[in-house]
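# Coordinates in review
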Amino acid sequence: MKRSIVALLLGCSIAVLLPVARVQAMPREIITRNASGPVIVWDATPQIEGLIALNVPYERAVDQLKVHALELFVRGAHGFAKKEKHLTVMVVYARSGAISARYQTKSFQGVGDVLTLEGSPRIRLDSRWRVQAQHGNLPPGLTLHVNPPPATEGQ
């Protein structure tokens, strides 16, 4: 009897946890348009919270976000119609206490911009573009704007 109850509870736990794991694994991207063309908005909140939890220095964390933004740009460039002349990738996060001491709750407190990467989706990429990006060299023809870090208490 105890074994069947344990098995039932375990089965219910797994059934509840699997959808939660799937939701957390889903990409947090929105594809929209502005006057220039398609815009990929990436909500990097979980990644940023993880980088902060690991005490990754700000510059190194931004470098990692830049590389992923470029990966999204390249994937988007291959996925949009050939007629598109401009593509933008915006990296945003939800302001919370986990990211900035100013926000003491995990509830929605607004959205912050980390960086914006934009350019022609028709750029020619060197076969080593990912390695070059990891060393801080973005492909020519792309524009990158990094916003300053959020202010902390006492600033």
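Higher on the page you've got the structure.
Residues numbered from 1 in each chain as written. Predicted model: local features only at pLDDT ≥ 70, side-chain atom pairs only at ≥ 80, totals over all residues. Heavy atoms only, no water.

### Focus on the overall build of the protein
Definition in use: Segments assigned H or I by DSSP are reported as helices when at least four residues long, segments assigned E as strands when at least two residues long, and all are numbered from the N terminus. For every accessible area listed, the method is Shrake-Rupley and the probe measures 1.4 Å; residues are considered covered only by the protein chains on display.
The helix and strand inventory of the protein stands at four helices and five strands. Secondary structure elements of the protein, listed N to C terminal, follow the sequence α-β-β-α-α-β-β-α-β. Accessible surface computed for the protein: about 10400 Å², of which carbon and sulfur atoms make up 59%.

### What about the side chain of Asn147?
Going by this rule: Residue contacts are counted whenever heavy atoms from the two residues lie within 4.5 Å of one another.
Along the polypeptide, Asn147 turns up in the segment after β5 (142–146). Beyond its immediate chain neighbours, meaning those up to four positions away, Asn147 contacts Tyr58, Asp113, Val114 and Leu115.

### A few points about the sheet that holds β5
For clarity, the cut-off: A pair of strands is treated as paired once DSSP finds two or more bridges between them. Angles shown run from 0 to 180 degrees and are taken between the N-to-C directions of axes, each axis being a line fitted to C-alpha atoms and, for helices, limited to the stretch in contact.
Across the sheet, five strands lie side by side as β1-β2-β3-β4-β5; this open sheet has mixed pairing. Edge positions in the sheet fall to β1 (29–33) and β5, since each has one partner strand and no second. Direction aside, the axes of adjacent strands within the sheet are offset by 20° on average. Both strand β2 (residues 38–43) and strand β3 (residues 87–94) contribute to a ladder of five bridges, which runs parallel. Directly across from Ile40, in β3, lies its bridge partner Val89. Here helix α3 (residues 58–79) sits on the sheet and contacts β1, β2, β3, β4 (111–119) and β5; the angle it forms with β4, its principal contact strand, is near 50°.

### Comments concerning the side chain of Glu84
The test is simple: Contacts described as polar in this section are N or O atom pairs within 3.5 Å, which, within protein, must combine one atom able to donate a hydrogen with one able to accept it, while residues neighboring in sequence count only if both atoms come from side chains.
Mapping Glu84 onto the fold places it in the loop between α3 and β3. A polar contact of 2.9 Å, which involves the side chain of Glu84, links it to the side chain of Arg33. Every residue in contact with Glu84, bar those within four places of it in the chain, is listed here: Arg33, Gly37, Pro38, Pro121 and Arg122.

### Some thoughts on the nonpolar core
Filter applied, for reference: What makes a nonpolar core is a set of buried Ala, Val, Leu, Ile, Met, Phe, Trp, Tyr and Cys residues whose side-chain atoms join them at distances within 4.5 Å. Relative accessible area decides the class of each residue, using a 1.4 Å probe on protein chains only: under 20% of the type maximum gives buried, over 50% gives exposed, and in between gives partly exposed.
Core analysis: the largest hydrophobic core is formed by 24 residues, its most contacted members being Leu70 and Phe73. Within the residue set of this core, elements represented by two or more residues are β2, α3, β3, β4 and α4 (129–134). For this core, the element with the most residues is α3, which contributes nine residues. Sequence-distant contacts of Phe73, that is, excluding residues within four places in its chain, are made with Leu87, Val89, Leu117, Glu118, Gly119, Ser120, Pro121, Ile123 and Leu142.

### Describing the pairing of β2
Most of β2 is tucked away, with six of its six residues classed as buried. Judged by which residues are buried, β2 turns out to be covered on both faces: Pro38, Ile40 and Trp42 on one side and Val39, Val41 and Asp43 on the other are all buried. Of the pairings in the sheet, the one linking β1 to β2 comprises five bridges and is antiparallel in character. Residue pairing for β2: Thr32 is matched across the bridge by Val39. Counting the residues between successive antiparallel strands, the hairpin from β1 to β2 contains four residues, one of them, Gly37, with a positive phi of roughly 150°.

### Section: unusual backbone geometry
Phi at Asn55 takes a positive value of approximately 55°, unusual for a residue other than glycine. Its location among the elements puts Asn55 in the loop between α2 (45–53) and α3.

### Some thoughts on α3
Heads up, the condition is: Expected span of a helix: the number of residues minus one, times 1.5 Å.
Taking 1.5 Å per residue as the helical rise, α3 with its 22 residues ought to reach 32 Å, and the 31 Å between its terminal C-alpha atoms agrees with that figure. For α3, the full list of buried residues reads Ala61, Val62, Leu65, Val67, Ala69, Leu70, Leu72, Phe73, Val74, Gly76 and Ala77.

### Some remarks on the pattern of salt bridges
Put simply, the test is: For this analysis, a salt bridge means a side-chain nitrogen from Lys or Arg found within 4 Å of a carboxyl oxygen belonging to Asp or Glu.
In total, this model carries five salt bridges according to the counting rule given. Here Arg75 makes a salt bridge to Glu29, at a shortest N to O gap of 2.4 Å. Of this pair, Arg75 sits in helix α3 while Glu29 sits in strand β1, and the two are 46 residues apart along the sequence. Residue classification places Glu29 among the partly exposed residues on the basis of a relative accessible area of 24%. A salt bridge links Lys66 to Asp63; the shortest N-O distance between them is 3.6 Å. With Lys66 and Asp63 both in helix α3 and three residues apart, the pair spans about one turn of that helix.

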